[in-house]
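Structural features, examined
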Amino acid sequence: MKNYKKITVTGDSHGENVHGLLMAKEESDYYVDCGDVCNSDDYIEKNLKDRKWIVVKGNGDDNSNLKETESFEVEGVKFFVCHGHNKDINNLTLSLEDNSVLLMGHTHHYEKYVMNNVLVVNSGSITNSRDSYYFGTYCNIYVYKKDKRVEVEMVTVSMESLQNGMLEKKGT
């Protein structure tokens, strides 16, 4: 029996249907999309909401019925999800509890840092990374029950494999 819960986090897919690929590749307890799904509400309902995804509205999701923020708790660790395009991250982290985790997107850059005792994670973009033309990024987060420890693993994927309808990891 595993001693952790796994959360797969992505964002900024901009209309690419990567969610089923992620679910097939990553056996996770939770799946999070930090916005800019840029797809129809019908797609979101059928492919995300009905399949245990936590999804927020990004600046490219103006016509969707998604909420701008979501929060949830895993193994005693609190998570807050937003796209980040209309948030002051410093003020937002000040409003969150110490040792919580802020998941966000918008910049298309993978980032992981601590601000005001809050772990801030931006998964980058799985389809349109601003870090490279050749790979996209998402991340897996592991929350350990015993000590509430949180580990973040960045995963890079080949853009070529995504274009071919596959999800080939390039390493971590």
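Please read these numbers as outputs of a predicted model, since none were measured by experiment.

Things to note about the overall build of the protein chain
Broken down by element type, the protein chain carries four helices and eleven strands. In terms of C-alpha radius of gyration, the protein chain reaches 15 Å, essentially the compact-globule figure of 16 Å for 172 residues. In terms of its C-alpha atoms, the protein chain occupies a principal-axis envelope of roughly 40 × 40 × 30 Å. Excluding contacts between residues fewer than 6 apart, the proportion of contacts in the protein chain whose partners are at least 24 apart in sequence is 41%.

Quick look at the side chain of Ser-123
Tracing the sequence through the fold places Ser-123 in strand β8 (residues 118-123). Sequence-distant contacts of Ser-123, defined by excluding residues within four places in its chain, comprise Val-9, Thr-10, Gly-11, Met-104, Tyr-110, Thr-137, Tyr-138 and Cys-139.

Here we look at the sheet that holds strand β6 (residues 101-104)
Consider a sheet: its strands pair through backbone hydrogen bonds, and that pairing is either parallel or antiparallel. Spatial strand order, β4-β5-β6-β8-β7: five strands in an open sheet with mixed pairing. The strands lining the two open edges of the sheet, one partner per strand, are β4 (69-74) and β7 (110-115). Here the strands of the sheet are splayed against their neighbours by 20° on average, with no regard to which way each runs. Sheet analysis places β7 next to β8, joined by six bridges and oriented antiparallel. Along β8, the bridge assignment pairs Met-115 with Val-118.

Observations concerning the pattern of salt bridges
One pass over the structure, following the stated rule, counts five salt bridges. A salt bridge links Lys-2 to Asp-29; the shortest N-O distance between them is 2.8 Å. Of this pair, Lys-2 sits in the segment before β1 (4-10) while Asp-29 sits in the loop between α1 (19-25) and β2 (30-33), placing them 27 residues apart in sequence. Judged by relative accessible area, Lys-2 falls into the partly exposed class, the value being 40%. Residue classification places Asp-29 among the partly exposed residues on the basis of a relative accessible area of 25%. A salt bridge links Arg-149 to Asp-147; the shortest N-O distance between them is 3.4 Å. A relative accessible area of 48% places Asp-147 in the partly exposed class. Each of the salt bridges in this network shares a partner with another, and the network as a whole consists of Asp-147, Arg-149 and Glu-151.

Overview of unusual backbone geometry
At Asn-116, a position not held by glycine, the phi torsion is positive, near 55°. Relative to the helices and strands, Asn-116 resides in the loop between β7 and β8. Residue class for Asn-116 comes out partly exposed when judged on its relative accessible area of 31%. Located in the positive-phi region is Asn-117, a residue other than glycine, with phi close to 65°. Counting through the fold element by element, Asn-117 comes out in the loop between β7 and β8. Judged by its relative accessible area of 48%, Asn-117 is partly exposed.

Conventions used here
Residues numbered from 1 in each chain as written. Predicted model: local features only at pLDDT ≥ 70, side-chain atom pairs only at ≥ 80, totals over all residues. Heavy atoms only, no water. Helix = DSSP H or I, 4+ residues; strand = E, 2+ residues; numbered from the N terminus. Rg over C-alpha atoms; globule rule 2.2 N^0.38 Å. Contact = heavy atoms within 4.5 Å. Pairing = 2+ DSSP bridges. Axes fitted to C-alpha atoms, helices over the stretch in contact; angles between N-to-C directions. Salt bridge = Lys/Arg side-chain N within 4 Å of Asp/Glu carboxyl O. Buried < 20%, exposed > 50% of the residue type's maximum accessible area, 1.4 Å probe, protein only.

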